[in-house]
Every structure is written in structure tokens, then in C-alpha cells.
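Residue-level listing of the chains:
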Amino acid sequence: MELLYKVKPDIPLKGGEEYLSDSKRIKLLPKRGPLVAISVKNLIAFSSNIDLINNKRAGNGSGMSSGTGYSGSGSSLLGSGGGAGSNASLNLSSSPWNSPFTSQTTEISGAHVYIADLNTPWEYNFLKNSSSQISHMQWDHAGTKLLIGSEDGQVEVYGMSDNLLNKWQLIYSASFPGEPILSSCWLGMPRKVQVVVDKIDSLIYSEKYHTSLLPNSRGFGGKSLDGCVVITATGLVGGLIHCSFEEPLKVISAKQKISAVRNQVVCADMSYSKSGEIVVVTCGDSLKHPILVNRVDIKLIGFRDKAQVNVLPSQSLFLPPSFSDYAVTSIKFVNKISADSIYISLLNHTTNSSVVCLYELIQESVQLKQRFQTTNPEKLINLKWQLKSQLQFSAAILDTCSLSLNLATTTFALSGMSNTLHLQNLNSQANSLLTPLISLSLSSGIIVLARSDNLQQIGSININSTTDVPSNISSIFPIKRERDDFDEIKLGAKPGLSFQSVSTEDTYVSMGFTWSGSLLITLTANSHLNVYKMHPNIDPSNATMLIELSMMGGLDPWDVMMCLRQNQIENITDRLSETFARQPPSVQTHFNARILVIKAALYRMACGGAARTNDQTTLLTLHLVSGALKALLRPGDLSSLDKGPAESLSSLLSSKGEQLADVDKVLVHLVPKEYTVEPSTLQSLQQFLQWCADLALKLLATLPDLRHSHRAPLWEVCRDSKAISILRELIVLMRIWGLIRPSCLPSFRKTSENLDVLPLLFRLLTRLSVAPHDPDESLIDECCLLPSEVQVPNYNPYVPCKNFGISSNLIFTRGHPLSFEFGKFPIKTSGSEGNGSNWMDGLRLLWLGKNPTGIKVCNRCGCCTLTHLPPRSAANKAWDQRWMRCCPCGGNWKIPSYLPQPKVVDPDNFLNF
């Protein structure tokens, strides 16, 4: 384990006392503390007992330049937001993002909830404050909705408003008065994304990785229902169904008892069975009662205006009598896609010792008595919970967490023949990556890591010192072994540091893993957020495996990239490119945009990788624009053609080669009717055609310089045969569409009026496509004369991309751990400096000029676009709606609090993006 960064509130000290004694601090109810929840998109939601907006020093906003304009009110919740189906929104007012530099006074009640991106943790977004304590938070499987349950029985589901990260709204809510919410589960099983361990050496994605999706609750037409199931502290199961098919939108709720007699429930957890059913495990305040395991089902009945919750009993268990002096503090499933294993935390209040027990659901055969046997006896199978392992500590366990997904499987498990994973043949690091872990936070200030299959300790860290404490398995977490009090704690001896000397405000009360288990996020009682790297010495082959796994499942690989070292980036990108080239053409077409996004993110972290980052962004934009333009083509007769117009054009150009170096001769082989588009649509897409033509012109003009420097811009574009073929196809389409609407053609500044630029570009690109890695000298000579015939744009024709947040090369230039403060940007500015360059709309490819307004930016790549632009045609509307939810790189949109800084990065400034 290695501490990546830590974020703390910017609270002033008063009279030598810590801010914990501040009057604005909220006193937590017993057994309740701040919570943290992590989504698959690496967004975190955390509750805090501190008002981060108002507990600011005077003049903290001066950390930024005076020209940035941090003024205006913070976000507030409009409307009551209490009724079911209410659509309250978070108003940003004049503040461009949910800025903590606001002077608005927010009433302090029970707790505050904030949302932040792990890439920019200092930039938090205020969601709500609650009059009661927040008892449960959980993201949905897509990482776009957040469920919040409170101790007064209020269940609220929030989502992004206008798909903006710093603008949230209440989607729907329900109330169970007097029922504290303990746990929840979404309707619809998450997508399984797993590595087939016995095919781990395969280079084919379909053999190496397995993905599946099984909806557990279906509505009309077999569609999965939108809603959730909650468990309350009085033994009640509540179901919520969001009826998105009705106008106005409404929420249908139902409730049912877990058992015939309602008893107090201390802790509960929910998971999914292998068949997609929701499984609930609950435990009461007394060990005399069994730990109940039930299956829950919810469905619409009647005229789809009522819901019904069914609770079916399953195999339960009793704890052994040896734990009679203990009390259950938490019970959780090992992962959320399998209900075969649970681990239970117990606490002895007399000795303040604790124990963790791992139970596994096994099958055993039952021998019937002779009287009940038949002539053809069948083998009866009974399910039974068996204690597999246990782990003891002499300190109390404050919180536990485990991975939500099981990243490994086998071909036998997929076929249903075996449920056991055999990882012995893998290397030690691959074994640790694919084996789910559980993390335990002790009251002594120590975090313990253990394997979830046998509770074997593999690592630990003491938060009260800078010394990492490894286990005896140094190959998994290779950290220098030093003596620490943890060895004495394991043996039950009294450590040198007494537990009473450790403040409960400095211990981790809530923890969570990212989806891959690469990062561990911890939250203390005083709202200090720490992020730990679980695999600081990850191997390039294993890192490539996790990145490819994220690509197959549509997950965010940011957490995996944070564990990389700078000298591994080139190796990983080469491995990704080599494996991707071996995939079938259909798979390459499907994942082409995703692999370009991942490579651009990797190059963004490398020193001197700005040119390659822009090359990957350019290739991504070129492929997306090409797909949008080719989608306008329609075949003349669907019954007689095996290929569409776009496929026919691509096949024609690839088969003829240099024989069709004249663009006008290509038109002879095409059917004009199939390439006809409405003139109004062509005019609305003129900026896309202009961008492609400028890219081709810039590529050919810089070709002589690209032979000597592989770090120059457009170097990878020049050597990409597919990109050159796409440019040739687009020039042919420009030639055809210019006959229909001449005003849609790209414009050039030429030295001679008789020069036709498009045929010249097509001829040079055709010669370059023959040998893109080794162009001949005659082609180089003609490219050298090109700037004297037509003016080459003096701007870069690719989308500008910024180093944004932690995922930049500056993460390797500063020592670890990094330290931030909530609401305080970690940059230095010297006075007010405006943006001195023109900015391009990265989606619509329009130049916005200097200091544009009304824009939104991506929180990962920094791509900016206009928030609102009336579309001029159906093609423009389809293009805008395609990127309405997220950026092409997969990042979330947000309204910036300031315009992007100039491209030149000052090395003296930290994270100057």
C-alpha cells in the first residue's frame, strides 16, 4: 500500500484547539459516522459532519487570481424535494460550478453530502444537507445515480441535471417514517466483467474476458425495472419502482416484513445470486436469534399501478456458542454478484477485542433413511453455511469493505461445473490482482488487508505513522518490512501505543475500493479523505489486463492508471496496440474509439507526451466524424446490395491503390444516387468537412519534418494507414457533395486561382497510403512545395487537449503523498492572466475565440463545448445528442469556474492546467 494523496478541510484553528470543537461541527449520533461511496466512474459521494462551505477562512478565495471571479451563491436545493417523483434541481445561480468559495449560508442540520471526482478531489460539489444522520449511500451500477438513505426513513435518488457533474437534481424519493435505512440494492444485476484465468494468456478478447448481464426484475416487455430495494432497522423490506413509462413520472412503493415477527435489525447487506435474484442477509441485536438470509423479489401488479414485494426464506445460520460474549457489528457479502460468501464482524465490549468470521455456502448430500428411499434413489443436496476461517484482533473494527465485483472466473465456472477458482498457476501479482480483498479499519488506527477467500493477511498500514507494515507475503505488496505495533496486536499483546491514545476522530470510519481494487478510499470522522494505491509496483502485463478489462466492461480505468510508473506507459501502450491489432475486424471497429481514449489518457500522464496525446485525440475525432458523415449515405436498393455505399467506397479505394490517384476517376465507379444528401444538411456540416481538409493539408505539409522526430505532432496520424484511408474517402465525398452544394466545400487560400486543392490532396494521400512508414523522396519533395501553393493553417487542426487534474504528467514530478484541501485549487497564480489563444469547440469543431462564455468542459481531457447551440439540421442534432451525456473520452461534463489556462505549463506551478 502507498498513500497517493490526501484531502482535508480548510478549517481554521481557534485558540490552539482543533476545529473538531468548533460550534459548527455536527455531533454524530451513536454508532453513526461519515460515509463514503465510490462509483464505477471513480466519483465519490461522502457525508460530512462539517460544513465545508461556511467553515472557510476569511479570504480563502484569494488562492486564485483576482480575475477568476469566484463570486455568487453556492448551489441550493430548490423546492421541498420530499414528495415522490418530485424533480427538484440544484441551482448554481451565478456560480459557474458548485464553488466552495461562496458566501452563501447553508443551514447546518444533521449531515452534509458532497460529490467529487477522484481526479480533482479538491473540487467538491454540495448535494444536500439533512436534518437527520445519513445512514446509507450507494451508487447505481452505471455510476450516474446516487441513493441516499437517512435515519428518519427518507430514501432519495439523485442524478445529474443536464448531465453536468456540478449540477444535481432529485429524481425521485420515498419515505418510510421512523424506519432507519440500513442497506439498499438496485433493481437490475450489474454487468459481470471477469477474466477467464485459464485463458489468461490468450490474445483474443472474447476468450480472455467474459461479460454478462442478467436483469433480475423485469417489467412490461421484459424490460428491466428502474428502482431499488431497501432494508430498515425494524425488519422491513421496502421497494421503489420509478415508472418512467408514465406521464407524469411517479414512484410506486411497497413494503413487506422480512419475517413473521419484526425484530430490530442491527446490520444488513444485499447482494445478487448467480441467477440474478436479490439476496438479503440481516442480523439482530442478540446472537440467540439466527442470521437470516432471504430472497427478495419485486414486481408490478394490477394495471402496473401497484407494486408487490415478496420475501422468500433461504438458508440461514446460527453463530457458534463460543461467540456468546460478542455482538455483531457488521455483516456483508464478499462481493455484490455472488451470495455464496459472507463475512461477519463481532465485538467483545468487555475486552474491546474483535473477530472476523468468513462463512461459505456449501452443498452437502443428505442420506435418507431406508423407509424413505425408493428403488431409484436420487441424491439430495442440502445447502449449509460453513465457517471457513476467522481472524482476531485486540482492537475494535470500525468499518469493513470489499470489492463489489469478482474479477476472475474459469471456463468450468462459466459452464456451471465448478464454483472454485484455481489461481495457483498464476504469478503472485496476477493472483493478488484477481483475488478479491477485504479491508478492515481498526480503532487503533490500523488498516488491515486480507484475502476474501481465506482471510489471510497480506498487508496493513498504520495511519498514525509513515511506516507501511506488510505481511509475510512480500511478493504481493513489496514494501520494506519494519517492526510495528501491529505484530503485537495480532498476538493479543498490549502494544506500545495504547488504543485510548488514538483519537477516534483520526481513525477511518468509512472505506471503499474502486471497481478494480487498485485504490482504497478512506474517510475519517473529521472528513479527511485519503486515497491509497493497492498495487504501487504493478507489472505492465497485469496493468494491461486490467485496462483491457475496463474497456470490455465500459468501466473507467483511471484508478488503474494511478498505480502506474512513468517508465511503464510506453510499454503498456505498445501491449495494448499489439493485442488490439490481433482482434477480428468487427471487434476492432467496436472498440476503436475506446482504445484511442485509453492511449490518449496514458500519454497524458507521460512526460513529453503532449504530441502523442493530441495525435490520439485527432485520430479519435477523425474516426467519429467519419462515422457521422458516412451515416448520411443510403443505398439505392436494399435488396440488391450486399454492401452499403460507405463500404463500397472503402473497398474500391483499397483495391485499386495508386491506379485511382485522380479523384474524378473515382466518381466514375460510383452510383451517384447512393451518395446524394440534402443540400441543407451538407451546409450544416461544413465545419466538419473544413476540419478534415485542414487536417489532410497540415499532415502533408508537415510530412518532411515527421521523418526525423517521432514526438512531433501528427507523427502517429501519418503512420496510421486507416486514418489516411479515411481522409481519402472523405475527400471523395467532399468532391461529390460539392457538386450538390458548392458552399459546403472547405475553403483554402491559394496562390493560384486555377489550383484545385482537393484533387491535389487526394493524389498525395494516395501515394502516402502505399508506404505510410517510408514515403518516397518524390512525395517528400511535393509536400515541401505544398506550402508555397496553398496556405497551411497556422493553428493546429486537432482538438486542443489539456493536462487536467491528477491524471497528468505532473503526478510523477511531485513526491508522494500529494496533499490538497477541499475547495482550494492546488495551483499558484501570479496576477490576473487571461487566455491568450483561441479555443475550439471540441465536438462541433467550431472556433470560439478568446475567453468564450457559455461552455462546459470535460473533467478528464479538458475538451470544451458550447452548452447550448440550436442545431441546424437533423444530422447536427444527432451529433449533439450523442455526446450529451458524456465526453467522447468518457469523462463527465461540468460548468467551469474559470476559462482553461494557456497551453504552456509553468513547471513551477503545481497542476497548472
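Residues numbered from 1 in each chain as written. Predicted model: local features only at pLDDT ≥ 70, side-chain atom pairs only at ≥ 80, totals over all residues. Heavy atoms only, no water.

- The name given to the chain in an unreviewed UniProt entry is Mediator of RNA polymerase II transcription subunit 16, with Orchesella dallaii as the source organism.
- What UniProt records for the chain under Subcellular location (unreviewed entry) is the sentence "Nucleus".
- You can read under Subunit (unreviewed entry) in the UniProt record for the chain the words "Component of the Mediator complex." (UniProt positions renumbered as here; feature names shortened; annotations may be inferred.)

**Observations regarding the pairing of strand β32 (residues 508-513)**
And step 1. Most of β32 sits out of view: five of its six residues are buried.
And step 2. The sheet contact formed by β32 and strand β33 (residues 519-524) spans five bridges and is antiparallel. In the strand pairing of β33, Gly512 is matched with Ile521.
And step 3. What sits between the antiparallel neighbours β32 and β33 is a turn of five residues, in which Gly517 has the positive phi angle 75 degrees. (Buried < 20%, exposed > 50% of the residue type's maximum accessible area, 1.4 Å probe, protein only. Helix = DSSP H or I, 4+ residues; strand = E, 2+ residues; numbered from the N terminus. Pairing = 2+ DSSP bridges.)

**Comments concerning the nonpolar core**
The nonpolar side chains of a soluble globular protein tend to be buried, and buried together.
And step 1. One finds Tyr5, Ile278, Leu602, Leu622, Val666, Val732 and Trp737 to be the most contacted residues of the largest nonpolar core, which totals 184 residues.
And step 2. Counting 21 residues, the second largest nonpolar core, distinct from the first, contains Val293, Ile331, Ala339 and Tyr359. (Core = buried A, V, L, I, M, F, W, Y, C linked by side-chain atoms within 4.5 Å.)

**A short note on the sheet that holds strand β1 (residues 2-8)**
And step 1. Taken in spatial order, the five strands make up an open sheet running β32-β33-β34-β1-β35, and their pairing is mixed. Each of the sheet's edge strands pairs with one partner strand only, and the pair in question is β32 and β35 (818-821). The average undirected angle you get between the axes of adjacent strands in this sheet is 20 degrees. (Axes fitted to C-alpha atoms, helices over the stretch in contact; angles between N-to-C directions.)

**Re unusual backbone geometry**
Peptide bonds are mostly trans, and most non-glycine residues show a negative phi.
And step 1. One non-glycine residue with positive phi stands out, namely Asn352, at about 60 degrees.
And step 2. Tracing the chain through its elements places Asn352 in the loop between β23 (338-348) and β24 (353-366).
And step 3. With a relative accessible area of 33%, Asn352 lands in the partly exposed category.
And step 4. Located in the positive-phi region is Leu714, a residue other than glycine, with phi close to 70 degrees.
And step 5. Examined against the element boundaries, Leu714 turns out to sit in the loop between α14 (703-706) and α15 (715-718).
And step 6. The class for Leu714 is buried, based on a relative accessible area of 1%.

**Some thoughts on the pattern of salt bridges**
And step 1. Applying the stated rule across the entire model yields 26 salt bridges.
And step 2. Among the salt bridges present, the one from Arg860 reaches Asp117, with a minimum N-O distance of 3.0 Å. With Arg860 in the loop between β38 (855-858) and β39 (864-866) and Asp117 in strand β6 (residues 111-117), this residue pair connects regions lying 743 residues apart in the sequence.
And step 3. Of the charged contacts, one joins Lys894 and Glu123 as a salt bridge, the two residues approaching to 2.8 Å between their closest N and O atoms. In this pair, Lys894 is assigned in strand β40 (residues 893-894) and Glu123 in strand β7 (residues 120-130), connecting sequence segments 771 residues apart. For the pair shown, Lys894 and Glu123 are each scored as buried.
And step 4. One continuous salt-bridge network, built from bridges that share partners, spans Arg763, Arg767, Asp776 and Glu782. (Salt bridge = Lys/Arg side-chain N within 4 Å of Asp/Glu carboxyl O.)

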